[in-house]
Amino acid sequence: MRRRDRQITDIETMVDILKRCDTIRLGLNGEDGPYVVPLSFGFEVVDGTVLIYIHGARGGLKHDLIARDPRVCVEADLCHGFIEVHDGITTLYESLIGFGLAEEVQGADKARGLDLLLEHCGFPGYACNAAMTAMTAVYRITLRRLTGKRNPAP
């Protein structure tokens, strides 16, 4: 990282940023190059490892790309605005980039993922009906590397 003064190294701060983000961007290895899709998500930290849960249809491009290559990149950010500084304009932000593996989960892991996703989206305790749950794929992304960066207000 070029600007070490902006680097975030502690997991607690990174988790706090994830809590405040409402959308992540998932980068997948597409046939013609990178494929990026914005998604709602839920997450938890288990033994110091961030696990992100996403959902979608049981078919489609995202589903196919994960099945073909489970290596993914996750990006999350908060833009706090733009300010004028002595040498121009800058952005006030907090951001994360993580690399890991995505896997479709079933059973209790699927239920846990949906619960975390719904909680993060503002619907804690929401009971999904069985028909909707059956037609929904839930993926767990185990982040093997997570980096953070921020430019706080001066």
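Residues numbered from 1 in each chain as written. Predicted model: local features only at pLDDT ≥ 70, side-chain atom pairs only at ≥ 80, totals over all residues. Heavy atoms only, no water.

### Describing the pairing of strand E6 (residues 71-85)
One ladder, built from four bridges, connects strand E2 (residues 24-30) with E6; its direction is antiparallel. Its bridge partner being in E6, Arg-25 is matched across the sheet by Glu-75. The hairpin turn running from E6 into strand E7 (residues 88-105), its antiparallel successor, is two residues long. (Pairing = 2+ DSSP bridges. Helix = DSSP H or I, 4+ residues; strand = E, 2+ residues; numbered from the N terminus.)

### Some thoughts on helix H2 (residues 61-68)
Buried within H2 we find Lys-62, His-63, Leu-65 and Ile-66. The buried residues of H2 all sit within an arc of 170 degrees when viewed along its axis, so they share a single face. Turning to H2, the residues buried within the fold contact E2, strand E3 (33-39), strand E5 (49-57), E7 and strand E8 (136-151). (Buried < 20%, exposed > 50% of the residue type's maximum accessible area, 1.4 Å probe, protein only. Arc of directions from axis to C-beta. Contact = heavy atoms within 4.5 Å.)

### Some thoughts on empty space enclosed by the protein
Rolling a probe over the atoms, with the probe sized like a water molecule, indicates the empty space that remains. Tallied over the full model, the rule gives one cavity of 30 Å³ or more. Each pocket or cavity is described by its volume, and for the largest cavity that value is around 40 Å³. If you trace the largest cavity, you find it lined by Leu-18, Ile-52, Val-74, Glu-75, Ala-76, Leu-96, Ile-97, Gly-98, Leu-143 and Leu-146. The set of elements that each furnish at least two residues to the lining of the largest cavity consists of E6, E7 and E8. Counted by class, the lining of the largest cavity contains eight nonpolar, one polar and one charged residues. (1 Å grid on protein atoms, 1.4 Å probe; cavity = no way out; pocket = protein on both sides within 12 Å on 5 of 7 lines; lining within 4 Å. Points joined across faces, edges and corners; volume = space filled by probe spheres on them. Nonpolar A, V, L, I, M, F, W, Y, C, P; charged D, E, K, R; others polar.)

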